[in-house]
Amino acid sequence: MSIFHLDLRLVTDSAAELRYFFDNPNDYERRELLISDIAELIDIAETDYYVRLPKPAREIGQALYRWLDRDRILTQRLSERPSAVAIATDQRFAHLPWEVLHDGQSFLVQRGVMPIRWTGKKPIVASSAPQNREMNLLFMATSPENVSPILDYESEEARILQTAKHQPLSLVVEESGCLDELRQLVADRADSFDVFHLTGHATVQDGQPRFVTETQIGEAHYASATEIARSLANRVPPMVFLSGCHTGQAGKAGEVKSMAESLLESGALAVLGWGNSVRDTEAAAAAEVLYKTLAEGGTVLQAMGLTYQKLLETGARDWHLLRLYVADRLPESLVTRRNTPGRKRSTIAPVQPQFLNPDETDPKKRIKVPTREEFVGRRRQIQRCLRSLSTTQTDYLGVLIHGMGGLGKSSIASRLCDRLSERVPIVWVGHIDQGSLCHRLKDKLSSELRQVVINPRDELRYRLRDVFEAWSGKPFVFVLDDFEHNLDATAMGYELSATVAAVLKALTWAIVETNAPHRIIITCRYDVESAWIESFYRQPMEAMHGADLEKKCDRLKLTSLGTADLQQEAKQRSGGNPLLLEGLSKRLTEPEPKLEATLEDLKPRVLAQSLATQLEENRSLREMLSWGAVFEIPVPRVAMKIVCGAEFERSLEQSISLGLMEVSPNDEVRVPRILSLMVPAIDEAVYAELAKCLYQQWWEEADTSTEEQQIEIHRFALLGKVEAIAAKIASVLANRWNNSARYREAEAISQATLNITDSYLIWHELARSKHYTDVSQAILCYEQASKKSPTGELDKTDQREKAAINHNLAILKADQGYTAEAIVLYDQLIVLWEQIGDMQSKAATLHQKGILKANQGHTAEAFALYIQSLLLDKQIGNIRGRAATLPMVAQLLAEEGRFEPAIKYLQESIAILKRISSPDAQTVERILAHVVQMQNQA
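Residues numbered from 1 in each chain as written. Predicted model: local features only at pLDDT ≥ 70, side-chain atom pairs only at ≥ 80, totals over all residues. Heavy atoms only, no water.

> Even after reading the chapter, I still don't get the overall build of the protein chain, so can you show me in this structure?
Regarding its fold elements, the protein chain presents 36 helices and 26 strands. Computed over the C-alpha atoms, the radius of gyration of the protein chain is 32 Å, within 12% of the 30 Å expected from 2.2 N^0.38 for a compact globule of 938 residues. Relative to its 938 residues, the protein chain shows a buried fraction of 55%. When contacts within the protein chain are restricted to residue pairs at least 6 apart in sequence, those whose partners lie at least 24 apart make up 70%. Within the structure as shown, the protein chain displays about 41300 Å² of accessible surface, and the carbon and sulfur contribution to it stands at 48%. (Helix = DSSP H or I, 4+ residues; strand = E, 2+ residues; numbered from the N terminus. Rg over C-alpha atoms; globule rule 2.2 N^0.38 Å. Buried < 20%, exposed > 50% of the residue type's maximum accessible area, 1.4 Å probe, protein only. Contact = heavy atoms within 4.5 Å. Areas by Shrake-Rupley, 256 points an atom, 1.4 Å probe, with all protein chains shown as cover.)

Structural data, given as structure tokens:
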């Protein structure tokens, strides 16, 4: 690893000193540079670069390069092919965007030279101590409520989860966004992490960089780098990725260090950060490529190079905002490559079972709950409950967590007790009476107070008052689990039995009377209507979906059980209910798993028979829920109202109170799948109205939308035959799935969409989905896409789409032996690239056409096309394209006996490929050996 160091310091108000060297700081050369030469660039850094006015990054990069390249010192040193340029700056220079350095032909990152922001006092040296095991990645996302912009951390989390499925890495997700919880998670693990991925926002507060994390109750906490390091038990992983806005941007024009720099001082070896606000999709794409490369044993610089390359290829607006900070040691590879002898797989230590009521002596009455490591999701529900249980935040006496069985109410209660470590939990399950309350409370009291609480001569409320007044220990949190056993059924729902009401009324009265800090947590299948419960925060529950459901499946190792079809069936039948999913997953290993029968066996644990009977007898409620069952996921209430009509307003609250309607943290609602209701016939016009409503709510008016929301929009657009919406959403989804090798899904959605619209975009995605599985069908689909594509004056989007169709079709035609047709398509494509102004793609097309001409034996034409491609690549600085074309020219020359220039071209290609760490270098080396052999035999 060769690193060229540039040390740039302000010496006077008008001049800077540039010292440069490779590995010996004492053997440096120096130049004096005038500030006036880039004064304008410094002044506009806050506007042109950070606010994204239309000045191109290329233009800024060339200006910076020319300033540093006085006497062509930079150009000369880059000819020695370093892996990176380490740039140390102070004050005003720290604010400049060194990542866009451009030599007039290409950005340095395109040449395989990575810019590093060097913050140490010593030259950077390689830290080569890769772990001989799979990579351990710790992920934590922070997105406090009421902090804008709202971070779509779940999409990034889902993308990394998807990457982890296909890579040899162990992913651990911290669920809360809170540093206290992070500290506990790290403390509970014996092994170390290789990468810490922290997603969120950074800012400057009181003159210091801060990362916006979450408190226990979801409010913003502005954490320093020191706090973050302490939360990691001062075992900061060698690499930290701060995937959030402004994490790599220095404040006050460079006078205040960035959060990334501050973390280096706290022990990290390499820190990645973003220079400004970036699109969530680009942040997620960068993380996906980065971790794939690192997990495979690639070096940090290789991973950075491939990440920049991917962002540039996909037209990412903010690629240059990704910054790498290093002090004096740069990790090469974090882990060894997969086939290294003795390489260990990541192992998860066995987890001891945890119970909500561990003091219960009867094992049958213990309520098993997930441990801290096993717990998944429910962030907002927990935060809102914690906020409501805080004696300083609200006047609530407790929380009522209600919803259908199996959704994890007891699990949330357990996690709340974990978070409320300053309180003493008193737990009982099921029926409550005065005797059981006093019995459980006395076990926590001193001998004197025990006599007070069991004294039968005083009323319960006075005994509790006296105990609370005298108690000087930790406050209590009373946990009443499975509270539905204390309710009586009524015509409209459930109400509290009189004896239990008296007990709870006494308990709440005593807390209020003494102003005691004790609080109450109730878990119940149903909402409770009672005067005393008005002082409780009500937290409804919902089934899991999106990233949380994927994490739950990952915890259950669902993908390793049964067939893919059975796994999908288990997910669908569970409806996202964790208890049902767990039960169904246990059956997947059986030779002939009967999931429907298993679901019926589990149903009583989720839906009480008494409630099922009540639902059967309440016609209006059943009809409203039947209409609402048309939705697969939680939807805005306005959408539910469209299909349910007037009955919706009348029956909604009743259905929520009975646990027959799930409510998400953003107040969207869904009918549980376990109810198995038959959806009535719905008019096409209603489906169309639903599609337009959801499209407006989730696409036009929302900052982001999830994949499952897009699928739901598309489903209704198909049912309502809303062609424009169906085509728009299908093209987005199919494109994403094709790019992620999810071809079956892309094919299915394309086929379905073509039933109502003949969009050329959908034909193109269908062709792409069949490209590797059914070539003849793919060709037909590409031809349909080309035939139906717009003509005349086209905007750049349509031009690019048309070019992509021609490109893909030409490749397939050539592969099938239709060379003449492929050449015609390439000729059309060359014209399109010229119209678009994409010279890199034009060069690639010339290269492809040259291959066809060479295969036809038209050597002179092939040679001319290759030379045109090489000249274009040289003109635009596309060294990767040049490295691919040089061997083609060399082989033609060798066939003519012109061995010297052929060898020269091959050596140039090998040098480029090695510089950019391409495995193709070995292939070209074999070609070179063959040419040398030909020369020796000539």
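> Would you mind going over the sheet that holds strand 24 (residues 536–540) with me for this structure?
Backbone hydrogen bonds are what pair the strands of a sheet, in a parallel or an antiparallel way. Strands sit in the order 19-20-23-18-24 across an open sheet of five strands; the sheet is parallel. On the outer flanks of this sheet lie strand 19 (424–429) and strand 24, each paired with one strand and no other. When strand polarity is set aside, the average angle formed by the axes of neighbouring strands in this sheet is 15 degrees. Two strands pair when backbone bridges link them, and strand 18 (residues 398–402) and strand 24 are joined in this way by five bridges, in the parallel orientation. Pairing of G398 across the sheet is with F536, part of strand 24. Contacts between helix 12 (residues 434–442) and the sheet are confined to strand 19 and strand 20 (476–481), with strand 19 contributing the most and set at about 145 degrees to the helix. (Pairing = 2+ DSSP bridges. Axes fitted to C-alpha atoms, helices over the stretch in contact; angles between N-to-C directions.)

> Teacher, can you tell me more about the confidence of the model for the protein chain here?
Predicted coordinates in regions of low pLDDT should not be interpreted in detail. Per-residue pLDDT for the protein chain averages 86, and the proportion of residues at 70 or more is 92%. Averaged pLDDT values for the elements of the protein chain fall to 59 in helix 1 (residues 39–49) and rise to 96 in helix 24 (residues 684–700). Predicted confidence is poor over residues 46–54, with pLDDT under 50, and the contacts of this stretch with residues over four places away or in other chains come to 26 contacts. Across residues 251–256, where pLDDT falls below 50, the model places 15 contacts with residues more than four positions away in sequence or in other chains. (pLDDT = per-residue confidence, 0-100.)

> Explain the environment of K853 to me, please; I cannot follow it from the model alone.
Looking at where K853 falls in the secondary structure, it is placed in helix 32 (residues 839–855). In this structure the C-alpha to C-alpha distance between K853 and A929, which are 76 residues apart in sequence, comes to 25 Å. Discounting residues that sit within four places of it in the chain, K853 has contacts with I823, H858, E861, A862 and L865.

> How should I be thinking about helix 20 (residues 609–617) in this particular structure?
For an α-helix, 3.6 residues make a turn, and residues three or four places apart therefore share a direction. Every buried residue of helix 20 is listed here: L611, Q614 and L615. Down the axis of helix 20, the buried set is contained in an arc of 100 degrees. They therefore lie on one face. Looking at helix 20, the residues exposed on the side facing more than 90 degrees away from the buried face are Q609, E616 and E617. Those residues of helix 20 that are buried lie in contact with strand 22 (494–496) and helix 21 (619–628). (Arc of directions from axis to C-beta.)

> Any chance you could explain unusual backbone geometry here in plain terms?
Excluding glycine, residues mostly have negative phi values, and the peptide bonds linking residues are mostly trans. You will see that D71, though not glycine, has its phi angle at about 60 degrees, which is positive. Within the secondary structure layout, D71 lies in the loop between helix 2 (57–68) and helix 3 (73–78). Look at K557: it is not a glycine, yet its phi comes out positive at around 55 degrees. Within the secondary structure, K557 sits in the loop between helix 16 (546–555) and helix 17 (564–574).

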